[in-house]
Amino acid sequence: MFTLKIHSVDFPRPLHCATAIADAPNLKPAELVSVAHLFRQLPSPDAPAVTIANVYARTTLLFVVAVPNYMPSDEFLAFCENHVSHFTDILFLRNEEMDDRYSVLIRLESQLAADAFYCSFQGKRFKPPDVEVCHIYFAQSVDYTESAEIASEPPPGYTELPSCPICIERLDPESSGIQSTYCNHSFDCSCALKWTYLSCPVCHLCHDKEERPACAVCGTLKNLWICLICGFVGCGRYEKGHASEHWSYRKHNFSLELEKQEIWDYAGDKYVHRLYQSKSGGKSGGTNLRCNSHKECATCACNEEEGLDNALLISKIEGILDEYNRLLTSQMDIQRQHYQMLLAEAKSERDRSIEKTVEKAIFSKTHDLESKLERHSEEKNAAKIRNEELMKQQELLQTKFKETEERETVLKNSKDEKISDLREQIRDMKVYIEAQQLLLKGSESGEIRGGTVLSVGGSTVASSSNPKRRAHTGRQRK
């Protein structure tokens, strides 16, 4: 399914076409200066295939991608023959930056008329001597906007297609929606050059071999890809990946490899360029197949006599190639699933190995910590026991110290008493000696003759108060 977004800041201007007035008096052709963006729905199981047999993909609104500028609007209406009478609206879309072609948007009165127009003109040459063919799409909807950014942004689930018919023909039928063309031309031969699409940067770089393009970001000349939508030139993912960055930013899915002329679909992650069969060599090739002649394109079956036979041959070959591509895709999917399973197994094995290693490291660390804890616990218990022994010894020593101190105190007190007693004895001895001396002197002089000795109360009291002293004195006197 296809949808259109048209960027324009102008209003449609009516066109005066004699052919339209004669065949359809109520038809009012109009012209609009604008930029048309064509979007195709991305493949999915729910999205129906874009074929004439699919009812859901068909509408009464048809979009002709490119009409050569040498065919004015009157000639295009004459080209549509008697189908013009079934037109209800027709709008010619002209892009000022592309003066070599214009697009046409047609609405028909019924689905039957739209199907008849599609079957009659899809893939038909605009003029039999030339090779430009008519590419038609069923448009589900058309949105008009004055914002270029909104117009270039694809709706959810859609991708933008190139507006150049040569670039559209480069794409695989599943990507472009074009089932077949009358000419399996290479894009370096004279039949392709008749379009003279100097406004298409892709065709310009493909035809001009002397020009050496470079990456628009880093300037490298290797592995270059050009966007089929806007012509941005960027390096591939094996260089610095600026082409894929452009896709991530702009969502332009299709990019052409300039050296091999192969087209990559970023959304589908696969190649989508058309394949052709060489009748002479029987080998398949891409869109970079070369013509044998650069004159009028007779060798590539562009002449009128071989056109129908060649179209039939090409349709058969494309059917075989499509079947081969589907088979190859299915086998690649099987291989991808197989290797994804191997990667998942390797990842799970790696995770298990990491988990085992971590568990082993944790167990070893835990064991070491437990050993250290047991060792420290034993040291703690030994220190506790030693501390208890030391506490007991301290208590014992404190008891002995108290006993010794008490004993020393007793001895000191005893010594003090002995000293005091000795001092008293010495004093008594001194008194006794003095008394003896006095008596001796008195007896010699006769002074104490006839004297009487009287007892002194103080002495008696002193003697009775100190029995030890009395005892000692008594002992001494004896």
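By convention here, each chain's residues receive numbers from 1 onward along its written sequence. Under the rules for a predicted model, residues below a pLDDT of 70 receive no local features and side-chain atom pairs below 80 are neither given nor counted, while totals for whole chains, interfaces and linings still include all residues. Values shown for side chains rest on all heavy atoms present in the structure; no hydrogens or waters enter the calculation.

**Structural notes on the overall build of the protein chain**
Each helix is a run of DSSP H or I of at least 4 residues and each strand a run of E of at least 2, with the numbering of both proceeding from the N terminus. Helix and strand counts for the protein chain stand at 12 helices and 16 strands. Partly exposed describes any residue whose relative accessible area lies between the buried limit of under 20% and the exposed limit of over 50%, with all areas from a 1.4 Å probe on protein chains only and scaled to the type maximum. Counting over 478 residues, the protein chain shows a buried share of 36%. In this description, contact between two residues means that some pair of their heavy atoms is separated by no more than 4.5 Å. A sequence separation of at least 24 residues applies to 67% of the contacts in the protein chain between residues at least 6 apart. Where accessible areas are quoted, they stem from the Shrake-Rupley method and a 1.4 Å probe; at the residue level, only the protein chains shown are allowed to cover. Here the protein chain has roughly 29,800 Å² of accessible surface; of this, 55% comes from carbon and sulfur atoms.

**Comments concerning the layout of surface pockets**
Volume-wise, the second largest pocket comes out at about 830 Å³. The pocket and cavity definitions rest on a 1 Å grid over protein atoms only: a 1.4 Å probe that fits but cannot leave marks a cavity, an open set with protein on both sides within 12 Å along at least five of seven lines marks a pocket, and residues lining either have an atom within 4 Å of a point. Lining the second largest pocket are 40 residues, with Val 35, Ala 36, Asn 95, Glu 97 and Met 98 sitting closest to its centre. For the lining of the second largest pocket, the elements supplying multiple residues, two or more each, are strand E1 (2-7), strand E4 (35-41), strand E5 (61-68), strand E6 (87-94), strand E7 (101-108), helix H4 (148-152), strand E9 (158-161) and helix H8 (201-207). Looking at which element gives the most residues to the lining of the second largest pocket, the answer is E4, with 4 residues. Grid points are joined across faces, edges and corners, and a volume is the space filled by probe spheres set on the points.

**Section: the pattern of salt bridges**
What counts as a salt bridge is simple: a side-chain nitrogen of Lys or Arg found within 4 Å of a carboxyl oxygen of Asp or Glu. Counted under the stated rule, the structure contains 7 salt bridges. The partner of Glu 31 in a salt bridge is Arg 94, and the shortest N-O contact between them spans 2.3 Å. You can see Glu 31 sitting in strand E3 (residues 30-33) and its partner Arg 94 sitting in strand E6, a full 63 residues away along the chain. In this structure, the salt-bridge partner of Asp 115 is Arg 58, at a minimum N-O distance of 2.4 Å. Taken as a pair, Asp 115 in helix H3 (residues 111-121) and Arg 58 in the loop between E4 and E5 lie far apart in primary sequence, 57 residues in all. You'll find Asp 115 and Arg 58 in the same group, each marked buried.

**Brief notes about the sheet that holds strand E12 (residues 254-257)**
Here 5 strands make up an open sheet; going across it, the order is E11-E10-E12-E13-E14 and the pairing antiparallel. Edge positions in the sheet fall to strand E11 (233-235) and strand E14 (270-271), since each has one partner strand and no second. Here strand E10 (residues 224-227) runs beside E11; their pairing, made up of 3 bridges, is antiparallel. Directly across from Leu 224, in E11, lies its bridge partner Cys 235. Each axis is a line fitted through C-alpha atoms, and for a helix only the stretch in contact is used; angles between axes span 0 to 180 degrees, taken between their N-to-C directions. Set on the sheet, helix H9 (residues 242-250) makes contact with E10 and E11; between it and E11 the angle comes to about 120°. Strand pairing requires that DSSP identify at least two bridges connecting the strands.

**Topic: the pairing of strand E8 (residues 136-145)**
Sheet analysis places E1 next to E8, joined by 5 bridges and oriented parallel. Its bridge partner lying in E8, Leu 4 is registered against Val 142. With 3 bridges joining them, E5 and E8 adopt antiparallel strand pairing. Paired with Val 64 across the bridge in E8 is Ile 136.

**Some details on the confidence of the model for the protein chain**
Of all residues in the protein chain, 72% attain a pLDDT of 70 or more, and the chain-wide mean is 77. One number per residue, pLDDT, summarises how confident the predictor is, and it ranges from 0 to 100. Averaged pLDDT values over the elements of the protein chain bottom out at 42 in strand E15 (residues 276-277) and peak at 91 in E11. Per-residue pLDDT stays below 50 along residues 287-305; that stretch engages in 45 contacts with residues further than four places along the chain or on separate chains.

**Some remarks on the environment of Thr 3**
Within the secondary structure, Thr 3 sits in strand E1. Given the relative accessible area of 5%, Thr 3 is considered buried. Each C-alpha atom of the pair Thr 3 and Leu 38 lies 6.1 Å from the other, and the pair is 35 residues apart in sequence. In this structure, Thr 3 is in contact with His 37, Leu 38, Phe 39, Ser 141, Pro 155 and Tyr 158, ignoring residues within four places of it in sequence. Separated by 2.7 Å, the side chains of Thr 3 and Ser 141 make a polar contact. Two N or O atoms form a polar contact when they lie within 3.5 Å of each other; inside protein one atom must be a possible hydrogen donor and the other a possible acceptor, and for residues adjacent in sequence the pair counts only when both atoms belong to side chains.

**As for the environment of Cys 164**
Examined against the element boundaries, Cys 164 turns out to sit in the loop between E9 and helix H5 (165-170). C-alpha of Cys 164 to C-alpha of Val 202: the two residues are 38 residues apart in sequence and 9.0 Å apart in space.

**Brief notes about the packing of aromatic side chains**
Stacked, edge-to-face and tilted labels apply to pairs of Phe, Tyr and Trp rings (six-membered ring for Trp) whose centres lie within 6.5 Å, assigned for plane angles under 30 degrees, over 60, and everything in between, in that order. Applying the stated criterion to the full structure yields 11 aromatic pairs. Cluster of aromatic residues (ring-pair linked, three or more members): Phe 76, Phe 79, Phe 87, Phe 92, Tyr 102, Phe 117, Phe 121 and Phe 126.

**Here's the deal with the nonpolar core**
Grouped together as the largest cluster of nonpolar side chains are 37 residues, with contacts concentrated most on Leu 38, Val 202 and Leu 228. Here Leu 38 is in contact with Phe 2, Thr 3, Leu 4, Phe 63, Val 65, Tyr 137, Thr 159, Glu 160 and Leu 161, once residues within four sequence places are set aside. In this structure, Phe 76, Leu 77, Tyr 118 and Phe 121 belong to the second largest nonpolar core, which totals 26 residues. By nonpolar core is meant a set of buried Ala, Val, Leu, Ile, Met, Phe, Trp, Tyr and Cys residues that side-chain atoms within 4.5 Å join together.

**Quick look at the state of the cysteines**
Any two cysteine sulfur atoms lying within 2.5 Å of each other are counted as a disulfide. A full pass over the atoms with the stated rule returns 0 disulfides. As a non-bridged cysteine, Cys 218 has Cys 215 as the owner of its nearest cysteine sulfur, 3.6 Å distant. Under the relative-accessibility criterion, Cys 218 is labelled partly exposed at 32%. The cysteine Cys 227 is free of any disulfide, with Cys 230 supplying the nearest cysteine sulfur at 3.8 Å.

**Description of unusual backbone geometry**
The phi torsion at Asn 223 lies on the positive side, around 50°, for a residue other than glycine. Topologically, Asn 223 is positioned in the loop between H8 and E10. The backbone phi angle of Lys 251 is positive, close to 65°, even though this residue is not glycine. Mapping Lys 251 onto the fold places it in the loop between H9 and E12.

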